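An overview of the molecular structure
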Amino acid sequence: MNKNLLKYIACFAIGTLLYSCNESEGDLLEAKVYFEESKVSIETSDDDVLTYNLQARISSQYSSPVEITYAIADASAVEDYNSQHGTNYVAFDTSKANMETQSVTIGAGEIYAPNVAVKMSGINDAEEGKTYVLPVRIQSASLPIIDRSGIAYLVISKPVKITTAASFYSSYIQIPVSASTPFTSITYEALINASDLFDNNTIMGTEGTLILRIGDPALPDGHNDWMQIAGEKQFHSSQSFATNKWYHVAFTYNQPSGKAVLYINGEKVSENTWDTASFDLSTSPGCFVGKVKGFMWGERPFYGAMSEVRLWRVARTENQIKQNMLSVDPESDGLAAYYKLNGTDLIQKDGMSYIKDASGNNMDGATNIRSFKKLDTPISVK
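No experiment lies behind these values; they were computed from the predicted model shown.

Before going further, it helps to examine the pairing of strand β14 (residues 186–196). Among the eleven residues of β14, ten are classified as buried, and the element is accordingly described as predominantly covered. In the sheet, β14 pairs with strand β19 (residues 247–254) via seven bridges, with the strands oriented antiparallel. Across the sheet, residue Ile-192 finds its bridge partner in β19, namely Tyr-247. Of the pairings in the sheet, the one linking β14 to strand β23 (residues 303–312) comprises eight bridges and is antiparallel in character. Among the inter-strand pairings, Leu-191 is bridged to a residue of β23, identified as Ser-307.

Right, let's talk about the layout of surface pockets for a bit. If you add up the space inside the largest pocket, you get close to 730 Å³. For the largest pocket, the lining is made up of 28 residues, of which Glu-43, Ser-157, Lys-322, Gln-323 and Leu-326 are closest to its centre. Those elements that provide at least two residues to the lining of the largest pocket are β2 (39–43), β11 (151–157) and α3 (318–323). For the lining of the largest pocket, the element with the most residues is β2, which contributes four residues. In terms of residue class, the lining of the largest pocket is made up of ten nonpolar, ten polar and eight charged. Reported here for the second largest pocket is a volume of approximately 520 Å³. Every residue lining the second largest pocket is counted, 24 residues in all, and those nearest its centre are Asn-88, Asn-324, Val-328, Asp-329 and Ser-332. For the lining of the second largest pocket, the class distribution of residues is six nonpolar, ten polar and eight charged.

About the criteria used
- Residues numbered from 1 in each chain as written.
- Predicted model: local features only at pLDDT ≥ 70, side-chain atom pairs only at ≥ 80, totals over all residues.
- Heavy atoms only, no water.
- Buried < 20%, exposed > 50% of the residue type's maximum accessible area, 1.4 Å probe, protein only.
- Helix = DSSP H or I, 4+ residues; strand = E, 2+ residues; numbered from the N terminus.
- Pairing = 2+ DSSP bridges.
- 1 Å grid on protein atoms, 1.4 Å probe; cavity = no way out; pocket = protein on both sides within 12 Å on 5 of 7 lines; lining within 4 Å.
- Points joined across faces, edges and corners; volume = space filled by probe spheres on them.
- Nonpolar A, V, L, I, M, F, W, Y, C, P; charged D, E, K, R; others polar.

Printed below as a string of structure tokens:
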């Protein structure tokens, strides 16, 4: 091959590369249509109708008017969102949503489209604790649409208001777990409010096997205000708990991965890696909430109030924990026992007191709880 031909090929390759780079740069600088916020969180009030002002924009000024058309997307868009984000949101009933107009124009030289009011009715019929999604997409535009930002998800939540909780003063619930069904993956969850903190403050679990508590004389500097998971293996967080304050606490163990995690208020605070095949929570002295009844080295009671105590046969994800601190669907997959402790679930059977299992799995827990506390303000954790 002669030198002139080589020079020609080299020049052609460099020219092609430069043209390609310029084309890519031009593509990046091209004005496009999109939503600034792909997820909009809306909390309901006492009104039956919610209104949200929807507004698209373009990425840079454009010399001509830009026409945009919106459309309310169907439930498949919510399914896609749940799949991508590990959520279990419910599609809002599109028959109860309408837009004041579906077409808008961004004026020449302007960036933002005029606001369009999206009205959602029937809000009072929404279930407490459930999160609904209304997806609105940019259906068409006279400029290209940025793919991942061409849809806005209006995420509507109706807050759970917990105004009653169980009082724990040397109180317990015994969870009737069975040796025949050990736990491989597991989750402990509870809302807690400690009035006092002593050496060992039992939240839930089986002493010597797997127990979640606050405080242990063996913790660094004898911290009685750090959370610990203990038993066959153990580790702890280093965030101090305050008294007379509500917290959501959780522990998860995912057996396939071996990952064990502690959470406070939906945030991961400590993690470890274990190799435990399963946990038999039925071992003596038994599986308890609030204290270890009859334990030979002390019952280690929790003093204060509790609500929303849950035992799972799965490791809940960080998203699931964060989204369901105040409530969970009783029919959720993997939920083994669920004690709401809202003052209505104390029942009598055969002359004994039990806390009703809200999961429907017949895991009613024997208890000595007698008192439920009316709260001045609903439980809030952040």
